[in-house]
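Topology and contacts: notes
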Amino acid sequence: MSELPPDNNASDDFDGDFDDIVAAETDRDPDLAVIEAGSRTLRTQGGPPESDIPARPADPEADKALREVEAELATRWGETKLEPSVTRIAALMDVLGEPQRSYPSIHITGTNGKTTTARMIEALLGAFELRTGRYTSPHVQSITERISLDGAPISAERFVETYRDIKPYVEMVDTAQEYRLSFFEVLTGMAYAAFADAPVDVAVVEVGMGGTWDATNVIDGDVAVVTPIDLDHTDRLGSTPGEIAGEKSGIIKQDASVIMAQQPVDAAQVLLRKSVEADATVAREGLEFGVVARQVAVGGQLITLRGLGGEYGEVYLPLHGAHQAHNASVALAAVEAFFGVGAQRPEPLDLDTVRKAFAAVSSPGRMEVVRRSPTVVLDAAHNPAGARVTAEAVGEAFDFSRLIGVVGTSGDKDVRGVLEAFEPIFAEVVVTQNSTHRAMDADALAALAVEVFGEDRVQVEPSLPDALEAAITLAEEEGEFAGGGVLVTGSVYTVGEARLLLKRG
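Source: prediction; values computed, not measured.

The next subject is the overall build of the protein chain. Broken down by element type, the protein chain carries 17 helices and 17 strands. Across the 505 residues of the protein chain, 57% fall into the buried class. Here the protein chain displays about 19600 Å² of accessible surface, and carbon together with sulfur accounts for 48% of that area.

Laid out in structure tokens, this is it:
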């Protein structure tokens, strides 16, 4: 691990505004004090640019090899078919020689904001000259996005090579288990093997679903990050934030540092109890760290963050929305905790390095502008909580006089909740479907949309290219210099396919 650079820009002053932020944003149950009493609390005493999403390989042979691997992976259980156990992935790690034990890791769970937070953490670590590996899901356009080294997705050639390297071991485990390794389990094994082979200084790992029995949970994260918990995957994780937190708390390991975003009270209680049991060190957004101030700027926002070691002012973040500022505060605290700020060392991270890292952050498919005249924005919101923060961010960042929605969802989501969150900001909505087997049928989606928006505001275009064309036409009705816009949303897969179509023109 590279040595942490010294800091010459820190301020130990506690801005009075932070007390106001805490008072305004913290809704806490007094009974939590009993839980917190048994847990140590992190308190202070006094990257490189990301590559864009990769296209298909230009080399026909490399493209053929990647397609063959994708086809083999597609024969396995998909990501929505689960047997809640880490037995198979643990067996694979065993025969591979436990590659996930060869580097420290930061493990991320939560309902929304995981991928963007992972990208921010990766950028910060890279700016401090650490070699990073990042594992996130799902992918927006290319399967190779899921495994990144040094801030960039691994090449198709390396992806294929990694798969072929572990394939004999995968088959060995398959024959010994009741069920074959799933698609996600094999990819997780590939990521951990690729990180060990690189080798990386630190791995940044996003859970696939939940935490306790998620395939990624064969690592013991030095830092466990919990982004905001809300209702999603309720058929598998639980019907309340507290129940869902019970599954997600499984990533909290003995003596780890836990970085908690703002949580519903019942979720916070569960996470804090688990932290006590693991003798973990806890830092909570709104108390030990948080967003002190933020203002809209061209292409993003200017934020001031209160970290575990002090204040970081005038940080430019090229992402839109208050939720992204909160993601940034969580990411910063996670990296501080990884470096021991607030525990082993009281001084904050180098401010210029932090600024450089955040200025280079990108998050494809998250409030991403891909076209102008009219403006087309992509956002992968796929549950009501995500849709609400996206709707708020659109209103803050753009002055649309008329916004057209293009919505394509998965059938296993709270689709009505998503539509209701967007209803106040969409003048009209074009419902469609992506090409995956999980996509909700466009006509079924339209029936729900009519109930929420009314028949006059709903248009059905089952083909995504047709839906995009229809929405752009509707946005242009006000004229070339009017303020019409389009928001494509509802699913990561819908956004990924739209992104590919729009980037190609």
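Bringing the side chain of Glu 206 into the picture now. Relative to the helices and strands, Glu 206 is located in strand 5 (residues 202-206). A distance of 2.7 Å separates polar atoms of two side chains, one belonging to Glu 206 and the other to Thr 115. The residues contacting Glu 206, other than those within four sequence positions of it, are Ile 108, Lys 114, Thr 115, Tyr 135, Thr 136, Ser 137 and Thr 216.

As a rule of thumb, nonpolar side chains are buried together in soluble globular proteins. Residues Ile 121, Leu 125, Ile 259 and Phe 358 are the most contacted members of the largest nonpolar core, which totals 45 residues. Counting residues per element, this core draws most heavily on helix 11 (residues 322-339), at 11 residues. Once residues lying within four places of it in the same chain are set aside, the contact partners of Phe 358 are Met 120, Leu 124, Leu 305, Val 315, Tyr 316, Leu 317, Pro 318, Ala 328 and Leu 332. Residues Ala 65, Ile 89, Tyr 103 and Ile 154 belong to the second largest nonpolar core, which totals 38 residues.

The next thing to look at is the sheet that holds strand 4 (residues 152-153). Here 8 strands make up an open sheet; going across it, the order is 4-3-2-5-1-6-7-8 and the pairing mixed. Whereas interior strands pair on both sides, the edge strands pair on one side only; in this sheet they are strand 4 and strand 8 (281-284). Sheet topology note: the strand 1 (residues 105-109)/strand 6 (residues 223-226) ladder contains 4 bridges and is parallel. Directly across from His 107, in strand 6, lies its bridge partner Ala 224. Where helix 10 (residues 265-277) meets the sheet, its contacts fall on strand 6, strand 7 (257-260) and strand 8, and the angle it forms with strand 7 comes to roughly 170°.

What follows is about the environment of Ser 257. As for its placement among the helices and strands, Ser 257 is situated in strand 7. Separated by 80 residues in sequence, Ser 257 and Ala 337 have C-alpha atoms that sit 6.6 Å apart. Excluding its chain neighbours within four sequence positions, the residues that come into contact with Ser 257 are Asp 222, Val 223, Ala 224, Thr 281 and Ala 337.

So, on to helix 13 (residues 384-397). A rise of 1.5 Å per residue sets the reference length of helix 13, with its 14 residues, at 20 Å; its end C-alpha atoms lie 20 Å apart and thus fit the reference within 8%. Inspection of helix 13 places Pro 384, Ala 385, Gly 386, Ala 387, Thr 390, Ala 391, Ala 393 and Val 394 among the buried residues, and these make up the whole buried set.

One way to put it is that helix 9 (residues 241-248) packs onto helix 10 with a least axis distance of 7 Å and a crossing angle of 30°. Compared by their axis directions, helix 9 and helix 10 come out roughly parallel. Between helix 9 and helix 10 lies a crossing whose hand is right-handed. On helix 10, the residues that touch Pro 241, Gly 242, Ala 245 and Gly 246 of helix 9 are Asp 266, Ala 267, Val 270 and Leu 271. Its residues assigned to classes, the contact of helix 9 with helix 10 comprises 5 nonpolar, 2 polar and 1 charged.

Here the focus is the pairing of strand 17 (residues 484-489). Most of strand 17 sits inside the fold, with 6 of its 6 residues counted as buried. Of the two faces of strand 17, both are covered, the one formed by Gly 484, Val 486 and Val 488 as well as the one formed by Gly 485, Leu 487 and Thr 489. Looking at chain direction, strand 13 (residues 375-378) and strand 17 are connected through 4 bridges and run parallel. Paired with Leu 378 across the strands is Val 488, a residue of strand 17. Here strand 14 (residues 402-407) runs beside strand 17; their pairing, made up of 6 bridges, is parallel. The partner of Val 407 across the bridge, within strand 17, is Thr 489.

To continue, consider unusual backbone geometry. Omega for the peptide link from Ala 198 to Pro 199 comes to -15°, which places this bond in the cis form. Although it is not a glycine, Asp 150 sits at a positive phi angle of roughly 55°. The residue Asp 150 is located in the loop between strand 3 (147-149) and strand 4 in this model.

Procedures and definitions
Residues numbered from 1 in each chain as written. Predicted model: local features only at pLDDT ≥ 70, side-chain atom pairs only at ≥ 80, totals over all residues. Heavy atoms only, no water. Helix = DSSP H or I, 4+ residues; strand = E, 2+ residues; numbered from the N terminus. Buried < 20%, exposed > 50% of the residue type's maximum accessible area, 1.4 Å probe, protein only. Areas by Shrake-Rupley, 256 points an atom, 1.4 Å probe, with all protein chains shown as cover. Polar contact = N/O pair within 3.5 Å; in protein donor to acceptor, adjacent residues only side chain to side chain. Contact = heavy atoms within 4.5 Å. Core = buried A, V, L, I, M, F, W, Y, C linked by side-chain atoms within 4.5 Å. Pairing = 2+ DSSP bridges. Axes fitted to C-alpha atoms, helices over the stretch in contact; angles between N-to-C directions. Expected span 1.5 Å × (residues − 1). Parallel < 35°, antiparallel > 145°, perpendicular 65-115°, else oblique. Left-handed = near helix turned anticlockwise from the far one by under 90°. Nonpolar A, V, L, I, M, F, W, Y, C, P; charged D, E, K, R; others polar.

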